[in-house]
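# Results of the structural survey
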Amino acid sequence: MIKNALNDFFKFKDYFAYNVRVNLRLKVSNTFLGYLWWLLDPLLQMLVYTIIVDFIFRRGEANFPVFVFCGLLSWKWFSSTMNYSVSCIKSNSGVLNQVYVPKFLFPLQETTVNFVKFLFGFIILFVMLFFFKIVPTIHFFEIIPIVFSNYLFIFAVSLILTHLGVFIADLKNLLGHLIRIWWYLSPGMYSLNFISEKYRWVFWLNPNTAFFESYRNVIMYSKSPHYISLIIWDVISLILIYVGLRIIYQFDRSYSKII
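Residues numbered from 1 in each chain as written. Predicted model: local features only at pLDDT ≥ 70, side-chain atom pairs only at ≥ 80, totals over all residues. Heavy atoms only, no water.

### Focus on helix α8 (residues 143–167)
Helical periodicity: at 3.6 residues per turn, an α-helix aligns residues three or four positions apart in one direction. The line we're drawing: A run of H or I in DSSP counts as a helix once it spans at least four residues, and a run of E counts as a strand once it spans at least two, with each numbered from the N terminus. To estimate how far a helix should reach, multiply one less than its number of residues by 1.5 Å. Categorising residues by exposure relies on relative accessible area from a 1.4 Å probe, with only protein chains included: less than 20% of the type maximum marks a residue as buried, more than 50% marks it as exposed, and the intermediate range marks it as partly exposed.
Relative to the 36 Å expected for 25 residues at 1.5 Å per residue, α8 spans 37 Å between its end C-alpha atoms, a close match to the ideal helical length. Within α8, 18 of the 25 residues are buried, which leaves the element mostly enclosed by the surrounding structure.

### Some details on the side chain of Ser 229
With respect to the secondary-structure elements, Ser 229 resides in helix α12 (residues 227–250). Residue classification places Ser 229 among the buried positions, given a relative accessible area of 19%.

### Description of the packing of aromatic side chains
What counts here: Centres within 6.5 Å are what make two rings of Phe, Tyr or Trp a pair, Trp counting through its six-membered ring; a difference in plane orientation under 30 degrees is then read as stacked, over 60 as edge-to-face, and the rest as tilted. Criterion for a charge above a ring: Arg CZ or Lys NZ at most 6 Å from the ring centre, at most 35 degrees from the ring normal.
The full count for this structure, using the stated rule, is 26 aromatic pairs. Each ring, one from Phe 104 and one from Tyr 249, has its centre 6.3 Å from the other, and the planes form 40 degrees; the classification is tilted. Residue Phe 104 is found in the loop between α6 (93–96) and α7 (105–131), and its partner Tyr 249 is found in helix α12; the two are separated by 145 residues along the sequence. Judged by centre distance (6.2 Å) and plane angle (50 degrees), the ring pair of Phe 122 and Phe 126 falls under tilted. Here Phe 122 pairs with Phe 126, and both are found in helix α7, just 4 residues apart, close to one helical turn. Since its relative accessible area comes to 10%, Phe 122 is described here as buried. Here the aromatic cluster, defined as three or more aromatic residues joined through ring pairs, consists of Tyr 49, Trp 75, Phe 78, Phe 153, Trp 182, Trp 183, Phe 211, Phe 212 and Trp 233. The aromatic ring of Phe 67 is capped on one face by Arg 216, whose charged end is 3.6 Å from the ring centroid.

### Overview of the packing of helix α1 (residues 2–11) against α12
A pair of packed helices is captured by two measures, namely the crossing angle of their axes and the spacing between those axes. Note the threshold: Angles shown run from 0 to 180 degrees and are taken between the N-to-C directions of axes, each axis being a line fitted to C-alpha atoms and, for helices, limited to the stretch in contact. Orientation is classified from the angle alone, with under 35 degrees giving roughly parallel, over 145 giving roughly antiparallel, 65 to 115 giving roughly perpendicular, and any other angle giving oblique. Residue contacts are counted whenever heavy atoms from the two residues lie within 4.5 Å of one another.
Two numbers describe how α1 lies on α12: the axes approach to 10 Å, and their chain directions differ by 75 degrees. Here α1 is positioned roughly perpendicular relative to α12, judged by the angle of their axes. For the pair α1 and α12, contact is made by Ile 2, Asn 4, Ala 5 and Asp 8 and by Tyr 242, Leu 245 and Tyr 249, respectively.

### Some details on unusual backbone geometry
Positive phi, normally seen in glycine, also occurs at Asn 63, with a value near 55 degrees. Mapping Asn 63 onto the fold places it in the loop between α3 (37–56) and α4 (64–85). Its relative accessible area of 31% is what places Asn 63 among the partly exposed residues. One non-glycine residue, Lys 133, lies in positive phi territory at about 60 degrees. Note that Lys 133 resides in the loop between α7 and α8. For Lys 133, a relative accessible area of 74% puts it in the exposed group.

### Observations regarding the pattern of salt bridges
Any two side chains of opposite charge can pair, on the condition that their charged atoms come close. Operational definition: For salt bridges, the criterion is a side-chain nitrogen of Lys or Arg within 4 Å of an Asp or Glu carboxyl oxygen.
On inspection of all chains with the given rule, the structure shows 2 salt bridges. Salt-bridge contacts for Lys 103 lead to Asp 252; the nearest nitrogen and oxygen are separated by 2.4 Å. Pair noted here: Lys 103 is in the loop between α6 and α7 and Asp 252 is in helix α13 (residues 252–258), with a separation of 149 residues, a long-range link. Each of the two residues, Lys 103 as well as Asp 252, counts as buried. The partner of Glu 213 in a salt bridge is Arg 216, and the shortest N-O contact between them spans 3.2 Å. Linking Glu 213 with Arg 216, this pair stays in helix α11 (residues 207–219), spanning 3 residues, or about one helical turn. What makes Arg 216 buried here is its relative accessible area of 0%.

### Let's talk about the packing of α4 against α7
Let me state the cut-off plainly: In this scheme, a crossing is called left-handed if the near helix is turned counterclockwise away from the far one by less than a right angle; it is called right-handed if the turn is clockwise.
Two numbers describe how α4 lies on α7: the axes approach to 9 Å, and their chain directions differ by 165 degrees. By the criterion of interaxial angle, the relationship of α4 to α7 is roughly antiparallel. Both α4 and α7 take part in a crossing whose hand is right-handed.

Encoded structure:
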């Protein structure tokens, strides 16, 4: 099955690359500001959270805009991919009714598209680091394994949602609420220091805790990421990818009948 997926990927690699380029252009084709929205979107969200948490409630961390932005970049990558994946087979029914396309390419494509947008966010991040006088150290290069783990996890979950979205009609509506709840249960705009040590371990069951805290360590605090947590989520992600690919190939012929 993994061998089939790899063979299909290399067979359709040109189609995959073309779709990534087209989708990157489509996401900004109907906007006046174009690619600037990739910078403004997380920036405006960061400003909203900064006003609410730091200025109104006075509960923000030191350098709070950078603190929350580190979490937002990862979160936007995750949430945007999930929202697309849950309906990606149905939205591509026109193509699927004409030619065969491996279904796992759709969530992989969106994971990659949003990864490019994630990288664009670093333009704003570097400006903020300069403004708040945060000097990156050699630990910054440890961001590579974090991004790798983040990519694996996002693709893994998107595979599962790609399958479920075909059979559960209301999943897309439900997912929006679940994603919003997940964000508030993740330490995106608050520090784990506000959580009682007695219950802090519960938050480490959330993969976003490992990602958010690791990004902040290498970007803000000149520390190494939480490698043990990242490795654990790597293993879980690989298992989910295997399960997701297996299910998608198993139901491959059923999708066209339903959509």
